[in-house]
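# Notes for the structure review
These are the residues of each chain, in order.
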Amino acid sequence: IYVGHFMSSWGDRMWYFAIPLFLMDLDPNSLFLTAAYGLTLSASVLLFAPLVGDWIDRTERLRALVISLVIQNMSVITSATILLLNREFGDNEADYAIAIKISALLLGAIAILASTATQIILQKDWIVVIAAKRTDFLTGLNAMMRRIDLFTKILSPLACGQIMAVATLTGGAIFILCWNTASMFAEYFLLKSVYNRTPALAVKGQSEEDVIEMEELGNGLEDQDEITEKNNHKKEKPVKKKKSVFQKMFGFILVIKDGWKLYMDQVIALAGLGMAFLYLTVLGFGYVTTSYAYNQCFSEFLVGITLASAGFTGIVGTFIFPILSSRFGLVKAGLYSGIFQVLTLIPCIASVFVMAARAGLWSFDLTITQLYQENVVESERGIVNGVQTSLNMLMDLLMYIAVLFLSKPDEFGILVLASSAAVTTGYIFYGVFTFRVGKRFDKPKTPKAENFFAD
């Protein structure tokens, strides 16, 4: 599973690094196209992530993974092919150039939804099953998965940037095409092996009632009469009504509505809201920051070094997290990580220590990840994590809207100030969560869900 995650993460990081450069190549005088790309991706996840999560909950694990892998890789391959052909044989001033730009946006939206599905399946569900309720083992799995992700964040931009520096964007596009094609097949065989060697992954969707009954049967606590009585009682349950035409046509709206309600009923929802605010920033070396650096005459290789430096400090955070978690507990580990990031963001306003903030960020990210893994029931993992991703993208969407209005490179400083304020707000929310409900997580049993938004 580590090797499969490495291959997937390497491909994602290369495309994450390359796509802003391709978009700037299409429209070199403005950040507008880059912002529009990010806006499209954020809006897609905002609207459809709960549906993706619900689909994951209703689909057999291996089948869901295969579909997600194929759609994700084929979207990137198709997009890279179109941009490559346009660069070699096209004209950015021609009438069809708008179709090239629209195709890049649409394929990007499809790819991000498939990538979201893959992340939920592997990082929010599979490794939880593999850990088998061993908290320390789950902490180690989470840290290693994030470490791999950040390790590829260091090497992938460096490699891709060096290829582009030597062979231009054309060489980079060809390399990305080859990698995603090979990776798609390799990931399938690797993860299929994990699935075959972990029988628990084949069992999905048991309700709490079914689990309790199976345990009672296994322990011999019920006789045959009691079992028969329960079965008769189940048969008496009313049959579900057939869905109306309206429900069939607009059922996805009800799924989204129910998903958000389910999310807000989670005891850890306030912590998730704090996490979402960390996406309302341009300080994450995303599409906008990469395009801005490229606009300021950074070479592809120098942009890669900058991204790699941020990834290195993030790896430091993955080593800090297990230490903090074991010594202070999971909730306080997130609080201390947040305090560290806010302290490093204060001088970031003067553009000095932005890279150091990544250590606190990724340590905090691991805290939120494990809170959701340990406190969301198996049958609801997909939709709850889908809504969390949707909320993250809502903040990401607001950031891109701000960039659309402040798209001139000399206005980037205003975005830095707003980003620092948003990140600080997110940690204030998490601080409130810590002092209101943090002590409950020290108890041996998981607390019951409560709606903390009702207050």
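Refer to the preceding data block for the structure.
Residues numbered from 1 in each chain as written. Predicted model: local features only at pLDDT ≥ 70, side-chain atom pairs only at ≥ 80, totals over all residues. Heavy atoms only, no water.

Helix and strand content of the protein: 15 helices and zero strands. Intrachain contacts of the protein at a sequence separation of at least 6 include 83% that bridge at least 24 residues. Accessible surface computed for the protein: about 21700 Å², of which carbon and sulfur atoms make up 65%. (Helix = DSSP H or I, 4+ residues; strand = E, 2+ residues; numbered from the N terminus. Contact = heavy atoms within 4.5 Å. Areas by Shrake-Rupley, 256 points an atom, 1.4 Å probe, with all protein chains shown as cover.)

This part covers the nonpolar core. Membership of the largest hydrophobic core comes to 38 residues, with the highest contact counts inside it found for Ile368, Leu371, Tyr430 and Phe433. For this core, the elements supplying multiple residues, two or more each, are α5 (135-197), α9 (269-277), α11 (300-328), α12 (330-348), α13 (357-375), α14 (381-405) and α15 (412-437). Core analysis: the next-biggest nonpolar cluster, separate from the first, contains 28 residues, Leu26, Leu84, Met164 and Leu169 among them. (Core = buried A, V, L, I, M, F, W, Y, C linked by side-chain atoms within 4.5 Å. Buried < 20%, exposed > 50% of the residue type's maximum accessible area, 1.4 Å probe, protein only.)

With that out of the way, let us pick up the pattern of salt bridges. Pairs may arise between side chains of opposite charge once their charged atoms sit close together. Taken as a whole and assessed by the stated rule, the structure comprises eight salt bridges. One salt bridge in this structure joins Arg61 and Glu378, with 2.8 Å as the shortest N-O distance. Placement of the pair is Arg61 in helix α3 (residues 61-89) and Glu378 in the loop between α13 and α14, with a sequence separation of 317 residues. Judged by its relative accessible area of 30%, Glu378 is partly exposed. Several salt bridges share partner residues, and in doing so they unite Arg61, Asp125, Glu378 and Arg381 into one network. (Salt bridge = Lys/Arg side-chain N within 4 Å of Asp/Glu carboxyl O.)

Turning our attention to a nonpolar patch on the surface. Taken together, the side chains of Phe328, Tyr336, Ile339 and Leu343 define a hydrophobic patch exposed on the protein surface, amounting to about 370 Å² of accessible area. Counting residues per element, the nonpolar patch draws most heavily on α12, which supplies three residues. Inspection of the secondary structure puts Ile339 in helix α12. By relative accessible area, Ile339 is classed as partly exposed at 43%. (Patch = residues over 30% accessible without salt bridge, like charges linked within 9 Å, V, L, I, M, F, W, Y side chains within 5 Å.)

Here we come to the environment of Asp27. Locating Asp27 in the fold gives a position in the loop between α1 (2-26) and α2 (32-58). Between the alpha carbons of Asp27 and Asn92 there is a distance of 7.9 Å; along the sequence they are 65 residues apart.

We now examine α14. With 25 residues, α14 extends 36 Å from end C-alpha to end C-alpha; this agrees with the ideal 36 Å at 1.5 Å per step. The buried count for α14 comes to 19 of 25 residues, which makes it a mostly enclosed element. (Expected span 1.5 Å × (residues − 1).)

Counting across every chain of the model gives 13 aromatic pairs. Ring centres 6.4 Å apart and planes at 15° place the aromatic pair Tyr263 and Tyr372 in the stacked group. One end of the pair, Tyr263, is in helix α8 (residues 245-264); the other, Tyr372, is in helix α13, and 109 residues separate them in sequence. An identical accessibility class is assigned to Tyr263 and Tyr372; each is buried. These aromatic residues form a ring-pair network of at least three members: Phe6, Trp10, Phe175 and Trp179. The aromatic ring of Tyr16 is capped on one face by Arg13, whose charged end is 6.0 Å from the ring centroid. Here the basic side chain of Arg147 rests over the ring of Phe319, its NZ or CZ set 3.9 Å away from the ring centre. (Phe/Tyr/Trp six-rings, centres within 6.5 Å; stacked < 30°, edge-to-face > 60°. Lys NZ or Arg CZ within 6 Å of the ring centre and 35° of its normal.)

Along the chain, Gln72 falls in helix α3. Exposure remark for Gln72: the relative accessible area of 5% places this residue in the buried category. Sequence-distant contacts of Gln72, defined by excluding residues within four places in its chain, comprise Ser8, Asp12, Ala111, Ala114, Ser115 and Thr118.

Here the focus is the side chain of Ser337. With respect to the helices and strands, Ser337 occurs in helix α12. Excluding its chain neighbours within four sequence positions, the residues that come into contact with Ser337 are Leu324, Gly360, Ser363 and Phe364.

Phi is positive for Ala132, close to 55°, though the residue is something other than glycine. As for its placement among the helices and strands, Ala132 is situated in the loop between α4 (97-131) and α5. Of note in this structure, Lys133 is not a glycine but carries a positive phi near 65°. With respect to the secondary-structure elements, Lys133 resides in the loop between α4 and α5.

Attention shifts here to the environment of Leu26. Note that Leu26 resides in helix α1. Leu26 gets classed as buried once you look at its relative accessible area, which sits at 7%. Distance from Leu26 to Asn92, taken between C-alpha atoms, is 6.1 Å for residues 66 residues apart in sequence. Non-local contacts of Leu26, meaning those with residues more than four positions away in its chain, are made with Leu33, Leu83, Asn86, Asn92, Ile100 and Lys101.

Okay, the packing of α2 against α4 next. For the pair α2 and α4, the least separation of the axes is 8 Å and the interaxial angle reads 40°. By the criterion of interaxial angle, the relationship of α2 to α4 is oblique. Both α2 and α4 take part in a crossing whose hand is right-handed. On α4, the residues that touch Leu33, Ala36, Tyr37, Thr40, Leu41, Ser44, Val45, Phe48, Ala49, Val52 and Ile56 of α2 are Lys101, Ala104, Leu105, Gly108, Ala109, Ile112, Leu113, Thr116, Ala117, Ile120 and Ile121. Residue composition of the contact of α2 with α4, by class: 17 nonpolar, four polar and one charged. (Axes fitted to C-alpha atoms, helices over the stretch in contact; angles between N-to-C directions. Parallel < 35°, antiparallel > 145°, perpendicular 65-115°, else oblique. Left-handed = near helix turned anticlockwise from the far one by under 90°. Nonpolar A, V, L, I, M, F, W, Y, C, P; charged D, E, K, R; others polar.)

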